[in-house]
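Report on the structure
Here is how the chains run, residue by residue.
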Amino acid sequence: MRPRKPHIIVFGNEKGGSGKSTTAMHVFVALARRGMRVGAIDLDLRQQSLFRYIDNRRGWCERKGVKLVQPRTIRIELSNDPDRETAWRIEGERFDAAIADLSRDCDAILIDCPGAYSNLSRLGHSSADTLVTPINDSFVDFDLLARVDPSTLTITGPSIYSEMVWEARKLRAQVGMGNLDWVVVRNRTPLEDTRNKRRVGEMLQQLSRRIGFRVSQGLSERPIFRELFLSGLTLLDLRESGAKMDMSHVAARQEMREMISTLQIPDHTAPPVNAR
């Protein structure tokens with residue numbers, strides 16, 4: 001029996017600063033704790049936030065003498081060919097080779113895309129089985145998904161980013177790659193209930209029905225997420241790190257578990273339904 005294709009999870013948001021890399025790291029640890037083998041590609045070649053997070057994690061483990069789950073990583077370089085079509089072809093070949101390499105022994109592949117449009121970002125979105133788009137819980141980031149009339153706050157049409165996702169879906173359908181499950185994750189939501197928070201939620205639900213994504217609650221605005229980056233840890237690692245857990249940490253862990261559950265990533269450690 002041939003091994004199953006790994007599930008590819010792409011983290012994309014062209015605005016940046018929405019907690020993409022933090023969300024990706026927490027998804028990685030959650031999947032690895034299921035027993036899944038996870039690979040990672042960081043297509044944000046300028047910032048490399050996901051790989052910096054992973055490097056911090058490896059460095060912390062070495063300093064503390066603690067063993068934590070780690071992803072298998074592959075770095076992709078931009079082509080320096082002056083001809084754009086040639087450069088894009090070379091980058092496409094490098095991207096395909098990285099996916100093929102990780103597919104040999106990974107159950108899931110995480111891809112962190114840059115906060116701006118690029119050829120590699122386009123390739124990443126087209127490869128996604130699950131697309132996770134974290135957004136800050138504000139109308140500033142809502143503009144990533146749709147154009148909004150400022151006087152009436154009514155949705156007037158999809159954004160350029162939403163149109164790119166639509167093109168990725170069409171490309172997948174043309175080559176028989178199956179459905180792309182798009183999940184918009186509301187990050188940095190205030191802990192208290194506010195009128196703006198409710199209004200953003202209502203408009204996200206309205207837009208989700210128009211352009212086809214699911215909505216998930218993500219990471220609330222908590223200082224711990226900024227602190228965890230420096231050590232490469234996640235909320236799911238706190239017990240192993242020896243950190244003291246308070247009620248805020250417990251609540252944050254529960255939020256994270258609920259988000260992971262909403263993503264509905266298939267468990268590739270389980271045998272196929274038709275396995276004998």
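Residues numbered from 1 in each chain as written. Predicted model: local features only at pLDDT ≥ 70, side-chain atom pairs only at ≥ 80, totals over all residues. Heavy atoms only, no water.

Here's the deal with the overall build of the protein
A tally of helices and strands in the protein yields 10 helices and 9 strands. Along the longest, intermediate and shortest principal axes, the C-alpha atoms of the protein span 55 × 50 × 50 Å. For the protein, the proportion of its 276 residues judged to be buried stands at 50%. Just so you have it, the protein exposes about 13,900 Å², and 51% of that area is on carbon and sulfur atoms. Across the protein, 42 positive and 35 negative side-chain charges occur, with their mean positions spaced 4 Å apart. (Helix = DSSP H or I, 4+ residues; strand = E, 2+ residues; numbered from the N terminus. Buried < 20%, exposed > 50% of the residue type's maximum accessible area, 1.4 Å probe, protein only. Areas by Shrake-Rupley, 256 points an atom, 1.4 Å probe, with all protein chains shown as cover. Lys, Arg positive; Asp, Glu negative; His and termini not counted. Charge placed at Lys NZ, Arg CZ, Asp CG, Glu CD.)

Let's talk about the packing of aromatic side chains
Applying the stated criterion to the full structure yields 3 aromatic pairs. Ring geometry for Y161 versus W182: centroids 6.3 Å apart, planes at 65 degrees, classification edge-to-face. Note that Y161 is positioned in helix α6 (residues 160-174) and W182 in strand β8 (residues 181-187), a separation of 21 residues in sequence. Here the aromatic residues Y161, W182 and F213 are joined through ring pairs into a cluster of three or more. (Phe/Tyr/Trp six-rings, centres within 6.5 Å; stacked < 30°, edge-to-face > 60°.)

Quick word on the confidence of the model for the protein
Within the protein, residue pLDDT values average 86, and 93% of them lie at 70 or more. Low pLDDT, under 50, characterises residues 272-276; the predicted model gives this stretch 2 contacts beyond four residues in sequence or across chains. (pLDDT = per-residue confidence, 0-100. Contact = heavy atoms within 4.5 Å.)

Overview of the packing of helix α4 (residues 119-126) against α6
Packed helices, taken two at a time, are described by the angle their axes make and the gap between the axes. Put simply, α4 and α6 touch, their axes get as near as 9 Å, and they point 55 degrees apart. Taken as axis vectors, α4 and α6 run oblique relative to one another. As for how α4 packs across α6, the hand of that crossing is right-handed. Along its contact with α4, which presents S121, H125 and S126, the element α6 presents Y161, M164, V165, A168, L171 and R172. (Axes fitted to C-alpha atoms, helices over the stretch in contact; angles between N-to-C directions. Parallel < 35°, antiparallel > 145°, perpendicular 65-115°, else oblique. Left-handed = near helix turned anticlockwise from the far one by under 90°.)

Some points on the nonpolar core
The biggest cluster of nonpolar side chains holds 40 residues, and the ones touching the most others in it are I9, V27, L31, L110 and L235. At the level of elements, β1 (7-11), α1 (20-33), β2 (38-42), α2 (49-64), β4 (108-112), β8, α8 (224-231) and α10 (247-263) are the ones that each hand at least two residues to this core. Of the residues forming this core, the biggest block, 8 residues, is contributed by α1. Discounting residues that sit within four places of it in the chain, L110 has contacts with I9, F11, A24, V27, F28, L31, V38, G39, A40 and I41. Formed by 36 residues, the second largest nonpolar core is a distinct cluster that contains C113, L120, L144 and Y161. (Core = buried A, V, L, I, M, F, W, Y, C linked by side-chain atoms within 4.5 Å.)

So, the pairing of β1
Among the 5 residues in β1, 5 count as buried, and that is most of the element. Across the two faces of β1 the burial is the same, with H7, I9 and F11 and I8 and V10 all buried. Direction of pairing for β1 relative to strand β5 (residues 130-136): parallel, over a ladder of 3 bridges. Residue V10 lies in a different strand from β5, and its bridge partner there is L131. (Pairing = 2+ DSSP bridges.)

Focus on helix α7 (residues 195-211)
The terminal C-alpha atoms of α7, which comprises 17 residues, lie 24 Å apart, in line with the 24 Å expected from a rise of 1.5 Å per residue. Along α7, the residues that are buried comprise K197, V200, G201, M203, L204, L207 and S208. Taken from the residues just after α7, G212 is the one with a positive phi, measuring 85 degrees. (Expected span 1.5 Å × (residues − 1).)

Quick word on the pattern of salt bridges
One pass over the structure, following the stated rule, counts 13 salt bridges. D129 is paired through a salt bridge with K5; the nearest N and O atoms lie 3.0 Å apart. Of this pair, D129 sits in the loop between α4 and β5 while K5 sits in the segment before β1; the two residues are 124 residues apart in sequence, bridging distant segments of the chain. On the basis of relative accessible area, K5 is assigned to the partly exposed category, the value being 48%. Between D129 and R172 there is a salt bridge, with the nearest N and O atoms lying 3.1 Å from each other. With D129 in the loop between α4 and β5 and R172 in helix α6, this residue pair connects regions lying 43 residues apart in the sequence. (Salt bridge = Lys/Arg side-chain N within 4 Å of Asp/Glu carboxyl O.)

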